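Structural overview
Here are the chains, one letter per residue:
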Amino acid sequence: LSQFSSWTDLKKFIKQKKYKNVSQQAFHWENTNEYVENLFNAEELDCLPANVLFVILSRSLCYKSRLVTWFQTYIKDEKTYVSKNKWHAWSEIFV
């Protein structure tokens, strides 16, 4: 973690990774440290693991941060539905 001195360093690190729709199961882990290491070393991440990693790293630098997820809603026949498989994740950081 010594390579990061600010949240902008973290952002650059995460943005270097290729975006790909990757299953969370691709990052199988036996414990939390192994999971973080798998995320850190991955070349491809989608929105959820990339933002999980960003929040973990930003908190390690004592920034207040959180993970946010959102499910897409749509209206059909005057009823509102929540999509089961269309969602997105992002992180918020207090600087």
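Right above here is the structure, for reference.
With that settled, consider the overall build of the protein chain. From N to C terminus, the protein chain includes three helices and four strands. The buried share of the protein chain, reckoned over its 95 residues, is 32%. Once local pairs closer than 6 in sequence are excluded, the contacts in the protein chain between residues at least 24 apart make up 50%. Carbon and sulfur atoms provide 51% of the accessible area of the protein chain, an area that totals close to 7,200 Å². Computed over 13 positive and 10 negative side-chain charges, the separation of the two mean positions in the protein chain equals 7 Å.

Residues Phe71, Val82 and Trp87 make up a contiguous nonpolar surface patch of roughly 300 Å² in combined accessible area. Within the secondary structure, valine 82 is located in strand β4 (residues 79-94). A relative accessible area of 55% places valine 82 in the exposed class.

Glancing now at the pairing of strand β3 (residues 64-76). Within a regular strand, the side chains alternate between the two sheet faces. Pairing of β3 with β4, which is carried by twelve bridges, proceeds in the antiparallel orientation. Each bridged residue has a counterpart across the sheet, and for lysine 76 the counterpart in β4 is lysine 79. Hairpin geometry of β3 and β4 is characterised by an intervening segment of two residues between the two adjacent antiparallel strands and by a positive phi of about 55 degrees at aspartate 77.

Here the focus is the packing of helix α1 (residues 7-16) against helix α3 (residues 47-60). In contact at an axis separation of 10 Å, α1 and α3 are set at 155 degrees when each is read in the N-to-C sense. Considered as vectors, α1 and α3 are oriented roughly antiparallel to each other. Classified by chirality, the crossing of α3 by α1 is right-handed. Contacts from Trp7, Leu10, Lys11, Phe13 and Ile14 of α1 reach α3 at Ala50, Leu53, Phe54, Leu57 and Ser58. Residues that form the contact of α1 with α3 fall into these classes: eight nonpolar, one polar and one charged.

Cut-off values and rules
- Residues numbered from 1 in each chain as written.
- Predicted model: local features only at pLDDT ≥ 70, side-chain atom pairs only at ≥ 80, totals over all residues.
- Heavy atoms only, no water.
- Helix = DSSP H or I, 4+ residues; strand = E, 2+ residues; numbered from the N terminus.
- Buried < 20%, exposed > 50% of the residue type's maximum accessible area, 1.4 Å probe, protein only.
- Contact = heavy atoms within 4.5 Å.
- Areas by Shrake-Rupley, 256 points an atom, 1.4 Å probe, with all protein chains shown as cover.
- Lys, Arg positive; Asp, Glu negative; His and termini not counted.
- Charge placed at Lys NZ, Arg CZ, Asp CG, Glu CD.
- Patch = residues over 30% accessible without salt bridge, like charges linked within 9 Å, V, L, I, M, F, W, Y side chains within 5 Å.
- Salt bridge = Lys/Arg side-chain N within 4 Å of Asp/Glu carboxyl O.
- Pairing = 2+ DSSP bridges.
- Axes fitted to C-alpha atoms, helices over the stretch in contact; angles between N-to-C directions.
- Parallel < 35°, antiparallel > 145°, perpendicular 65-115°, else oblique.
- Left-handed = near helix turned anticlockwise from the far one by under 90°.
- Nonpolar A, V, L, I, M, F, W, Y, C, P; charged D, E, K, R; others polar.

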